[in-house]
Amino acid sequence: MARMAARRTLFAGPVLLVVTYGVFAVAELSPFDPVKAYAGTAGLTAPQAELDRLAANLGVDQPLTARWWEWLTSALTGDLGTSAVMRQPVADVIGERLGWSALLALSAFAVALLLGTGLGVLAARRQGGLLDRAVSALAYTLEAAPAFWLGLLAIWFFSVRLGVLPSGGLTDAGSDVVTAGQVARHLVLPALVLGLSQLPWFFLYVRQGVADALEEDPVRGARARGVGERRVLLGHGLRSGMLPMLTLIGSRVPELITGALLVETVFSWPGIAAATVQAATSVDFPLLAALTVLATAAVLAGNLLSDLLYGLADPRVGFDG
C-alpha cells in the first residue's frame, strides 16, 4: 500500500505540470483581454501606450511559455504571484476562501453519504417495495436535476415561501460579526442542495451492493442459523455492500467541486467559486493556475483515498504486487 501511494504521489507531479501549462494555453486562446479587465472602465478610453505599459507590468506581454515558466518557478518557492483581478496575493485569496469552500464540501459530502447509505440499506432490504420505488425515482430525478436549479428551488421554497432559512451569504444582513450560529443557519441550504445533488450515486451504489450481498451464500447461512435480520443486514449485507461504494468517493470529487462552484454562486457563499469565475473571465493567469492546481490535486487525492479505503476494507486487494 505504501508503494502504491508513493507511485501515485510521483505520478501527480507530471500531471500537475501538464495541467498548469494547459491552463495558460487555454487562457491564451481566451477572447477576454486581461489588461482591459484589470483597467476596468478606464481601459475603454486609455491610450494604447498606457495599455501596453500595463500589460508589461502584469507580465501578459510575454510569450506563453515564458509566463508559465515564471509562474511555475515562483510557485515552487511558495510565491503564487499576485491576482490582478483581486488586487492581492494569490495565496491570500485562496486562504481567505478555501476554508469556507471546504466546510461546504465536507458538510454536503456528509449529507450525501449518510442519507445515501441509510436509504440504500432500507431500499435493499425490501426491493420492489414502496420505499424502494419512491427513493429510486427520487434518486433518478435528482441525478438529472442541475445543482443550480435545485438551489433556486430551495431558495424559493425555504426562503421566499416559508421564510425559515436565509437565501444566501455567510451572515445575516447588517451583521459585521461572523458567529457560529449565523454560519450554521446560512450553511443549511447550500450544504443540503449540494449533498442532494450527490445523493443519487451513493444511494444507487449502496442499494445494489447490499442487495447483492444479501443474496450471497454466507448471508443465507447466517439466516439459516437463526441470526437476527438486523445483524444480518448491518453485519453482513452493509459491510459487503459498502465495498463498491468506496471506489465512488474519489470519482465524485470532480463532480463535488463543479457542483460546489455552482452552489456557491447561487447562494453567494464566500468560497473559491467567485474567485474562480472572476479569474476565468479576467484571464487572471496566476490565480487561475493556482485554483486549477488546487482542484486537480483534490481529484488526485480523492482517487488515492478511495483506493486506500478499499484496500483497508478488503484485505484481499493487493497494492504492492
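An account of the accompanying structure is given in this report. (Residues numbered from 1 in each chain as written. Predicted model: local features only at pLDDT ≥ 70, side-chain atom pairs only at ≥ 80, totals over all residues. Heavy atoms only, no water.)

### Structural notes on the overall build of the chain
Consideration 1: In terms of helices and strands, the chain carries 13 helices and two strands.
Consideration 2: Per-residue burial for the chain yields a buried fraction of 38% across its 321 residues.
Consideration 3: Of the contacts formed within the chain by residues at least 6 apart in sequence, a portion of 74% connects residues at least 24 apart.
Consideration 4: When the accessible surface of the chain is totalled, it reaches about 17100 Å², and 65% of it is carbon and sulfur. (Helix = DSSP H or I, 4+ residues; strand = E, 2+ residues; numbered from the N terminus. Buried < 20%, exposed > 50% of the residue type's maximum accessible area, 1.4 Å probe, protein only. Contact = heavy atoms within 4.5 Å. Areas by Shrake-Rupley, 256 points an atom, 1.4 Å probe, with all protein chains shown as cover.)

### Examining the packing of helix H8 (residues 180–214) against helix H11 (residues 253–266)
Consideration 1: Running from N to C, H8 and H11 point in directions that differ by 145°, and their axes come no closer than 10 Å. For the element pair H8 and H11, the recorded crossing hand is right-handed. Where H8 approaches H11, its residues Pro190, Val193, Leu194 and Gln198 are matched on the opposing element by Glu255, Leu256, Gly259, Ala260 and Val263.
Consideration 2: Within the contact of H8 with H11, the residues separate by chemical class into six nonpolar, two polar and one charged. (Axes fitted to C-alpha atoms, helices over the stretch in contact; angles between N-to-C directions. Left-handed = near helix turned anticlockwise from the far one by under 90°. Nonpolar A, V, L, I, M, F, W, Y, C, P; charged D, E, K, R; others polar.)

### Examining the environment of Ala147
Consideration 1: Within the fold, Ala147 resides in helix H7 (residues 147–161).
Consideration 2: Taking relative accessible area as the criterion, Ala147 reaches 10% and is therefore assigned buried.
Consideration 3: The sequence separation of Ala147 and Gly195 amounts to 48 residues, and the corresponding C-alpha distance is 9.6 Å.
Consideration 4: Residues contacting Ala147, with those up to four places away along its chain left out, are Val193, Ser197 and Val263.

### Things to note about a nonpolar patch on the surface
Consideration 1: A surface patch of nonpolar side chains, amounting to about 970 Å² of accessible area, comprises Phe148, Trp149, Leu152, Leu153, Trp156, Phe157, Val160, Leu162, Val164 and Leu262.
Consideration 2: It is H7 that provides the largest number of residues to the nonpolar patch, a total of seven residues.
Consideration 3: Position of Trp149 among the secondary structure elements: in helix H7.
Consideration 4: Trp149 sits in the partly exposed class, given a relative accessible area of 46%. (Patch = residues over 30% accessible without salt bridge, like charges linked within 9 Å, V, L, I, M, F, W, Y side chains within 5 Å. Salt bridge = Lys/Arg side-chain N within 4 Å of Asp/Glu carboxyl O.)

### A few points about unusual backbone geometry
Glycine aside, residues mostly have negative phi, and peptide bonds are mostly found in the trans state.
Consideration 1: The backbone phi angle of Ser268 is positive, close to 50°, even though this residue is not glycine.
Consideration 2: On the secondary structure map, Ser268 appears in the loop between H11 and helix H12 (273–281).
Consideration 3: Ser268 sits in the exposed class, given a relative accessible area of 51%.

### Describing the side chain of Thr20
Consideration 1: Assignment of secondary structure puts Thr20 in helix H1 (residues 2–28).
Consideration 2: For Thr20, the residues in contact, after removing those within four places along its chain, are Trp68, Trp71 and Val293.

### Description of the pattern of salt bridges
Consideration 1: The tally for this structure, following the rule as stated, stands at two salt bridges.
Consideration 2: Between Arg97 and Glu96 there is a salt bridge, with its nearest N and O atoms 3.4 Å apart.
Consideration 3: The exposure class of Glu96 is partly exposed, given its relative accessible area of 46%.

### Here's the deal with the environment of Arg185
Consideration 1: Relative to the helices and strands, Arg185 is located in helix H8.
Consideration 2: Spatially, the C-alpha atoms of Arg185 and Gly168 are 9.8 Å apart, while their sequence positions differ by 17 residues.
Consideration 3: Aside from chain neighbours lying at most four places away, what touches Arg185 is Val164, Leu165, Pro166 and Asp172.

### Some thoughts on the packing of aromatic side chains
Consideration 1: For the structure on display, the rule yields six aromatic pairs.
Consideration 2: Considering the side-chain rings of Tyr21 and Trp68, the 5.1 Å spacing of their centres and the 90° angle between planes classify their relative orientation as edge-to-face. Of the two residues, Tyr21 is situated in helix H1 and Trp68 in helix H4 (residues 64–76); the sequence distance between them amounts to 47 residues.
Consideration 3: On the accessibility criterion, Tyr21 (31% relative accessible area) is partly exposed.
Consideration 4: For Trp68, a relative accessible area of 13% translates into the label buried.
Consideration 5: Geometrically, the ring pair formed by Phe109 and Phe202 is edge-to-face, given 5.7 Å between the ring centres and 85° between the ring planes. With Phe109 in helix H5 (residues 90–125) and Phe202 in helix H8, the pair connects residues that are 93 residues apart, well separated along the chain.
Consideration 6: Residue Phe109 is classed as partly exposed on the basis of its relative accessible area, which comes to 23%.
Consideration 7: Each member of the aromatic cluster is reached from another via a ring pair, and the members are Tyr21, Trp68 and Trp69. (Phe/Tyr/Trp six-rings, centres within 6.5 Å; stacked < 30°, edge-to-face > 60°.)

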